[in-house]
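# Inside the fold
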There are 2 protein chains.
Amino acid sequence: MKIGELAKRTGVSIRSLRYYEQQGLLVPLRHDNGYREYSPFVVDQVRTIQLYLNLGLSTEQIAGFLQCVLKNKEAFCDEVLPIYQQKLKEIDAQIQLLSHIKQNLIDRIDSILLERTHQSEEERK
Amino acid sequence: MKIGELAKRTGVSIRSLRYYEQQGLLVPLRHDNGYREYSPFVVDQVRTIQLYLNLGLSTEQIAGFLQCVLKNKEAFCDEVLPIYQQKLKEIDAQIQLLSHIKQNLIDRIDSILLERTHQSEEERK
DNA sequence: CTTGACTCTTACATCGATGTTAGGGTTTAA
DNA sequence: TTAAACCCTAACATCGATGTAAGAGTCAAG
């Protein structure tokens, strides 16, 4: 199938499919006219790519183990686990940072509301 | 004081100080030779800017209320509260997304480890 | 007067997946 | 044959605070 149909079937934009190819995630055949030709199996491959992107992995990381996981179970691909664990660390760090900021915001919001309450009480006198 | 000293006193890079000015957060005087001249009060002003940046606010948002909060309590500046509340919403959304991904990663890691455990047991037979 | 330390402006680079556009071939159905 | 619908490459834009570098002027101490 050509790129337009693959885009429709996967819900991934043509732009992104070309980008994945540039990053080495997809290697379509080429017709004489330069058009890309994709095997039907590639639909699943694209969905797999999307799955990993949604886990926050970069195309570079995905490229490192995609060929393996397409043929085997993840547990068989030694590159996957360390990447997952590293990503988990990063996510934890981000969550911690965001939680800190969140508490900070909550405190400041409360402080403003409290101050306004006081002010209203003053005015009522 | 000149920009270099302000940078030293605040720990903010010269580059950033110029950027803040470009964003309308700082308005230093200019000497005849073009050098920026900062009042000593600006040290606190820069610290205030940093504080808001660390809350995840953009320079544009900060510019919207900086003049007010420099002269009054935050509770007096009507622009602040809605920005805090909106930021809080965004942070919550991000935390939720990250938590979702985190759980997903944990599940996949567990799955891999479990599968390897099984495999080891098989091999032991 | 000279040299080192400052300062100035302008502008490109970062990070990364995706959008968008321009300019130009190809295919297909009417 | 023509027009619509596809496809191609190349390249700029996004988002935003900050780093970095080039080229040039200024100032201060020796």
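The coordinates are above.
None of the values given here were measured: they were computed from a predicted structure.

Residues and elements named next belong to chain B. For Arg36, the location among the structural elements is in strand E2 (residues 36–37). Judged by its relative accessible area of 19%, Arg36 falls in the buried class. Among the polar contacts listed, one links the side chain of Arg36 to the side chain of Glu21, at a separation of 2.5 Å. Non-local contacts of Arg36, meaning those with residues more than four positions away in its chain, are made with Met1, Lys2, Ile3, Arg18, Glu21, Pro28, Leu29, Arg30 and His31.

Another aspect to go through is helix H4 (residues 59–71) of chain A. Residue and element names in this part refer to chain A. Compared with an ideal rise of 1.5 Å per residue, which puts 13 residues at 18 Å, H4 spans 18 Å between its outermost C-alpha atoms and is within 8% of the ideal. What H4 keeps buried is the set Thr59, Ile62, Phe65, Leu66 and Val69. On its buried side, H4 packs onto helix H2 (14–22), helix H3 (42–54) and helix H5 (80–124).

Residue and element names in this part refer to chain A. Counting across every chain of the model gives 16 salt bridges over all chains. A salt bridge links Glu5 to Arg9; its shortest N-O distance comes to 2.6 Å. Of the two residues, Glu5 and Arg9 are both situated in helix H1 (residues 3–10); the distance of 4 residues between them amounts to about one turn of the helix. Accessibility expressed as a relative area gives 36% for Glu5, which makes it partly exposed. The class of Arg9 is partly exposed, set by a relative accessible area of 41%. Put simply, Glu21, Arg30 and Arg36 are held in one network by salt bridges that share partners.

Below, the discussion takes up the nonpolar core. Counting residues in hydrophobic clusters, the biggest one holds 71 residues, and the most contacted among them are Leu17 and Tyr84 of chain A together with Leu17 and Tyr84 of chain B. Sequence-distant contacts of Leu17 of chain B, that is, excluding residues within four places in its chain, are made with Ile3, Leu6, Ala7, Val12, Leu26 and Val46 of chain B.

Let's shift gears to the protein's contact with DNA strand D. Of all residues adjacent to DNA strand D, which total 19 residues, the nearest are Gly4 and Arg36 of chain A together with Ser13, Tyr19 and Tyr35 of chain B. Backbone atoms, meaning sugar and phosphate, form 66% of the atoms of DNA strand D found within 4 Å of the protein. At a separation of 3.0 Å, a phosphate oxygen of DNA strand D approaches a polar side-chain atom of Arg30 of chain A. Within the contact set of DNA strand D, a phosphate oxygen lies 2.9 Å away from a side-chain nitrogen or oxygen of Asn33 of chain B.

Criteria and cut-off values
Residues numbered from 1 in each chain as written. Chains lettered and ligands numbered in written order. Predicted model: local features only at pLDDT ≥ 70, side-chain atom pairs only at ≥ 80, totals over all residues. Heavy atoms only, no water. Helix = DSSP H or I, 4+ residues; strand = E, 2+ residues; numbered from the N terminus. Buried < 20%, exposed > 50% of the residue type's maximum accessible area, 1.4 Å probe, protein only. Polar contact = N/O pair within 3.5 Å; in protein donor to acceptor, adjacent residues only side chain to side chain. Contact = heavy atoms within 4.5 Å. Expected span 1.5 Å × (residues − 1). Salt bridge = Lys/Arg side-chain N within 4 Å of Asp/Glu carboxyl O. Core = buried A, V, L, I, M, F, W, Y, C linked by side-chain atoms within 4.5 Å. Near = heavy atom within 4 Å.

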